[in-house]
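# Summary of structural features
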Amino acid sequence: CAWELFVLFSFAREEQAVEKLILVELDTSAVSRLAQFNVSEAHCYDPNEEARLRLVVEAVSSSRFNDRIRSCAASFSALSSS
């Protein structure tokens, strides 16, 4: 989930975070969809939880959140290419 990725990337350097992640693609478009991630299009099952998470994201900035998730996708793409 993008929310959990954000938490991880908020408290660890990107290189460390990527090393700790294992991406299991359920379809072939997972990385490409993360590369185009936009928090304004992301939703949680629970609207109350979504509202709380959006407050946290906005405190850091939605632009930074998007950049972190997209950067994660680029790192996954680079790892899978090597």
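### Notes on the overall build of the protein
Each helix and strand counted, the protein has five helices and zero strands in total. Each helix (α) and strand (β) of the protein, taken in turn from the N terminus, gives the series α-α-α-α-α. Against the globule reference of 12 Å for 82 residues, the protein gives a C-alpha radius of gyration of 13 Å, in line with a compact fold. Along the three orthogonal principal directions, the C-alpha set of the protein runs to about 40 × 25 × 20 Å. Across the protein, the fraction of contacts at a sequence separation of at least 24, relative to all contacts at a separation of at least 6, is 69%. As displayed, the protein has an accessible area near 5,700 Å², and 55% of this comes from carbon and sulfur atoms.

### A short note on the environment of E25
Note on placement: E25 falls in the loop between α2 (14-20) and α3 (30-35). E25 gets classed as partly exposed once you look at its relative accessible area, which sits at 41%. For the pair E25 and N38, spaced 13 residues apart in the sequence, the C-alpha separation amounts to 19 Å. Other than its neighbours up to four places away in sequence, E25 contacts A30 and V31.

### Let's talk about the pattern of salt bridges
One pass over the structure, following the stated rule, counts two salt bridges. With a closest N to O distance of 2.6 Å, E49 and R52 form a salt bridge. Linking E49 with R52, this pair stays in helix α4 (residues 47-60), spanning three residues, or about one helical turn. Residue classification places R52 among the partly exposed residues on the basis of a relative accessible area of 47%. For E50, the salt bridge is made with R54, and the minimal N-O distance between the two is 3.1 Å. Placement of both E50 and R54 in helix α4 is noted, with a separation of four residues, approximately one turn of the helix.

### Remarks on the packing of aromatic side chains
Scanning the entire structure with this criterion turns up one aromatic pair. Considering the side-chain rings of F37 and F65, the 5.6 Å spacing of their centres and the 70 degrees angle between planes classify their relative orientation as edge-to-face. Highlighted residues: F37 in the loop between α3 and α4 and F65 in helix α5 (residues 62-81), separated in sequence by 28 residues. The class of F37 is buried, set by a relative accessible area of 10%. By relative accessible area, which is 0% here, F65 ends up buried.

Conventions we followed
- Residues numbered from 1 in each chain as written.
- Predicted model: local features only at pLDDT ≥ 70, side-chain atom pairs only at ≥ 80, totals over all residues.
- Heavy atoms only, no water.
- Helix = DSSP H or I, 4+ residues; strand = E, 2+ residues; numbered from the N terminus.
- Rg over C-alpha atoms; globule rule 2.2 N^0.38 Å.
- Contact = heavy atoms within 4.5 Å.
- Areas by Shrake-Rupley, 256 points an atom, 1.4 Å probe, with all protein chains shown as cover.
- Buried < 20%, exposed > 50% of the residue type's maximum accessible area, 1.4 Å probe, protein only.
- Salt bridge = Lys/Arg side-chain N within 4 Å of Asp/Glu carboxyl O.
- Phe/Tyr/Trp six-rings, centres within 6.5 Å; stacked < 30°, edge-to-face > 60°.

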